[in-house]
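# Close look at the chain arrangement
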Amino acid sequence: MHDILDDALRTWQSGDVAAVATVVRTFDSAPRPVGASMLVGSDGAVAGSVSGGCVEGAVYELAQDVMRTGAPVLTRYGVSDDDAFAVGLTCGGTLDVFVEVLTRQTFPEFEALVADVRANVPVAMATVVAHADPERLGRRIVVGESGTRGSLGSERADAAVADDAKGLLAAGRSAVLTYGPDGQRRGEGMDVFVSSHAPPPRMLVFGAIDFAAAVAQQGAFLGYRVTVCDARAVFATPQRFPAAEQVVVAWPHDYLSAQFAAGEVDERTVVCVLTHDPKFDVPLLEVALRIPSLAFVGAMGSRRTHDDRMARLRASGLTETELTRLASPIGLDLGARTPQETAVSIAAEIIAHRWGGTGEPLRARDGRIHHDATEAVSTDKYDAV
């Protein structure tokens, strides 16, 4: 929903009406991820996308109907054997789209939700997208640090869904959860889409060199909050790293240790060590590789630098299991030469690691193009989704 927030808030504040279509489930090679949204205004203007063009026309017509009737609708789009190109997804995927009306009356908590998202305050929105009782459709609660706002129709449902929404929010995941009609943990009858709006993940870039500026730019482009850290104040300046949200002058291992102790790194945080100087990167990697929750740890360097680094890390007491978490030399083999090309290769490895990609050309592989996330949430409730 992030790409339509500004347009949606303007509509909400003006007292006008709009329809919001949101992807709540995807199957196979769906073109847009869960949470992708499209806004259709009362004047017919459109913002955002749910499929990159495949079914936008059909969703637009449905949104117009929903604005006329006021009744939310959950519908599925996929390839039809009889008419694959009329409404279906030519990519072969399938997606469920929930379309609802957005007004001050239907979503009184919307302005506060937007304020939390913009302030990087973790917040989740849980919406009933399927229920036998049409009065329950579209009811929602907003779950954040300050508590729960709104209601799904009963205290039992509110309590169950709020608890599970907190778990999804902590993991940075959005998903449809299934309950009994009144929020029973076992059973079916109510589907609730939990849209998590967690702060963007962090990318910590260590080493204030020219490659770091290019990596910071790639990281920001991918949606990371980028921090560049170096102990040398003459190099670690905001002017040299305009894409970074923060530039820190500190010894890298001290900074990472302090961030970990303060709870400022999590399972989505990626670490890129670009110093290729043992007095910086060896103490830093000793800390990083002992933080099992980090999503990715990579280090730049030649083959000789890598071998020397590995020997030093083993001598410092790191285990082979801990060392297997290190991506070194960092980056995929793209034949990169310039800092910008190297940054693309590093970003490509981070993406491949996140989604389980191989880095091979797609033409050399069979099967699905899109991968599921490799991270798993160890909660039975979510694994069943």
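Residues numbered from 1 in each chain as written. Predicted model: local features only at pLDDT ≥ 70, side-chain atom pairs only at ≥ 80, totals over all residues. Heavy atoms only, no water.

The protein chain carries the name XdhC family protein in an unreviewed UniProt entry, which gives Rhodococcus cerastii as its organism.

### Points about the overall build of the protein chain
When its secondary structure is counted, the protein chain shows eleven helices and 16 strands. For 385 residues, the compact-globule formula gives about 21 Å, and the C-alpha radius of gyration of the protein chain, at 23 Å, lands near that figure. Its C-alpha atoms give the protein chain principal-axis dimensions of about 65 × 45 × 45 Å. When each of the 385 residues of the protein chain is scored for burial, the buried share is 46%. Nonlocal contacts in the protein chain, meaning residues at least 24 apart in sequence, comprise 58% of its contacts between residues at least 6 apart. Carbon together with sulfur atoms contributes 50% to the accessible area of the protein chain, which is approximately 18400 Å² in total. Of the charged side chains in the protein chain, 35 are positive and 50 negative, and the gap between their average positions amounts to 5 Å. (Helix = DSSP H or I, 4+ residues; strand = E, 2+ residues; numbered from the N terminus. Rg over C-alpha atoms; globule rule 2.2 N^0.38 Å. Buried < 20%, exposed > 50% of the residue type's maximum accessible area, 1.4 Å probe, protein only. Contact = heavy atoms within 4.5 Å. Areas by Shrake-Rupley, 256 points an atom, 1.4 Å probe, with all protein chains shown as cover. Lys, Arg positive; Asp, Glu negative; His and termini not counted. Charge placed at Lys NZ, Arg CZ, Asp CG, Glu CD.)

### Here's the deal with the UniProt feature "domain: XdhC- CoxI" (unreviewed entry) in the protein chain
The UniProt record annotates "domain: XdhC- CoxI" (unreviewed entry) at residues 12–78 and 118–180. With 29% helix and 38% strand, residues 118–180 has its two end C-alpha atoms placed 34 Å apart. (UniProt positions renumbered as here; feature names shortened; annotations may be inferred.)

### Notes on the pattern of salt bridges
Enumeration over the complete set of coordinates arrives at 18 salt bridges. Two residues, Asp-7 and Arg-10, come together in a salt bridge whose shortest N-O distance is 2.9 Å. Residue Asp-7 and its partner Arg-10 are located together in helix H1 (residues 5–14), separated by three residues, close to a single helical turn. Notably, a salt bridge pairs Asp-266 with Arg-268, separated by 3.9 Å at the nearest N-O pair. Since its relative accessible area comes to 26%, Asp-266 is described here as partly exposed. Connected via shared salt-bridge partners are Arg-25, Arg-76, Asp-96 and Asp-191. (Salt bridge = Lys/Arg side-chain N within 4 Å of Asp/Glu carboxyl O.)

### Topic: the nonpolar core
Ranked by internal contacts, the top residues of the largest apolar core, which has 26 residues, are Met-203, Val-205, Val-215, Val-226, Leu-274, Ile-346 and Ile-350. Sorting elements by how many residues they give to this core places helix H5 (residues 210–221) first, with four residues. Apart from the residues lying within four places of it in its own chain, the contact partners of Leu-274 are Val-205, Phe-206, Ile-209, Phe-211, Ala-212, Val-215, Met-300 and Ile-346. Membership of the second largest hydrophobic core comes to 24 residues, among which are Leu-204, Val-265, Val-282 and Val-297. (Core = buried A, V, L, I, M, F, W, Y, C linked by side-chain atoms within 4.5 Å.)

### Overview of the UniProt feature "domain: XdhC Rossmann" (unreviewed entry) in the protein chain
Per the UniProt record, "domain: XdhC Rossmann" (unreviewed entry) is annotated on residues 203–350. Spanning residues 203–350, this segment combines 42% helix with 16% strand, and its end C-alpha atoms are found 10 Å apart.

### A look at the sheet that holds strand E10 (residues 190–197)
Taken in spatial order, the five strands of this open sheet run E8-E7-E6-E10-E9, and their pairing is antiparallel. Each edge of the sheet is formed by a strand with only one pairing partner; in this case those strands are strand E8 (147–151) and strand E9 (175–179). Sheet twist, expressed as the average angle between the axes of neighbouring strands with direction ignored, equals 20°. Judged from the eight bridges that link them, strand E6 (residues 123–131) and E10 form a sheet pairing that is antiparallel. Its bridge partner lying in E10, Ala-126 is registered against Val-194. Sitting on the sheet, helix H3 (residues 110–118) touches E6, strand E7 (140–144), E8 and E10, and the angle it makes with E6 is about 135°. (Pairing = 2+ DSSP bridges. Axes fitted to C-alpha atoms, helices over the stretch in contact; angles between N-to-C directions.)

### A short note on a nonpolar patch on the surface
On the surface, Phe-221, Leu-222, Ile-351 and Trp-355 cluster together into a nonpolar patch covering about 410 Å² of accessible area. Classification of Ile-351 as partly exposed rests on a relative accessible area of 39%. (Patch = residues over 30% accessible without salt bridge, like charges linked within 9 Å, V, L, I, M, F, W, Y side chains within 5 Å.)

### Remarks on empty space enclosed by the protein
A full pass over the atoms with the stated rule returns two cavities of 30 Å³ or more. The calculated volume of the largest cavity comes to roughly 80 Å³. Taken together, Met-1, Thr-22, Val-24, Gly-35, Ser-37, Phe-98, Glu-100, Met-125, Thr-127, Phe-193 and Ser-195 form the lining of the largest cavity. Of all the secondary structure elements, the ones that give two or more residues to the lining of the largest cavity are strand E1 (18–27), strand E5 (94–102), E6 and E10. Among the residues forming the lining of the largest cavity, the class breakdown is five nonpolar, five polar and one charged. Forming the boundary of the second largest cavity are Met-1, Val-20, Glu-100, Val-101, Leu-102, Phe-107, Phe-110, Met-125 and Arg-140. (1 Å grid on protein atoms, 1.4 Å probe; cavity = no way out; pocket = protein on both sides within 12 Å on 5 of 7 lines; lining within 4 Å. Points joined across faces, edges and corners; volume = space filled by probe spheres on them. Nonpolar A, V, L, I, M, F, W, Y, C, P; charged D, E, K, R; others polar.)

### Here we look at unusual backbone geometry
Each neighbour pair has its own omega, and for Ser-328 with Pro-329 the value is -10°, a cis peptide bond. With phi around 60°, Asn-120 is a residue other than glycine that occupies positive phi space. Secondary-structure assignment places Asn-120 in the loop between H3 and E6. You can call Asn-120 partly exposed: its relative accessible area is 34%. Even without a glycine there, the phi angle at His-276 is positive, about 35°. Mapping His-276 onto the fold places it in the loop between strand E14 (270–273) and helix H7 (278–288). We classify His-276 as partly exposed; its relative accessible area is 40%.

### Remarks on the environment of Gly-187
Inspection of the secondary structure puts Gly-187 in the loop between E9 and E10. Beyond its immediate sequence surroundings of up to four residues, Gly-187 is in contact with Thr-178, Tyr-179 and Gly-180.

### Side note on helix H2 (residues 56–69)
In this model H2 runs 20 Å from its N-terminal to its C-terminal C-alpha over 14 residues, within 8% of the 20 Å that 1.5 Å per residue would give. Buried residues along H2 sit against E1, strand E2 (37–41), strand E4 (73–77) and E5. Positive backbone phi, at 80°, marks Gly-70, one or two positions downstream of H2. (Expected span 1.5 Å × (residues − 1).)

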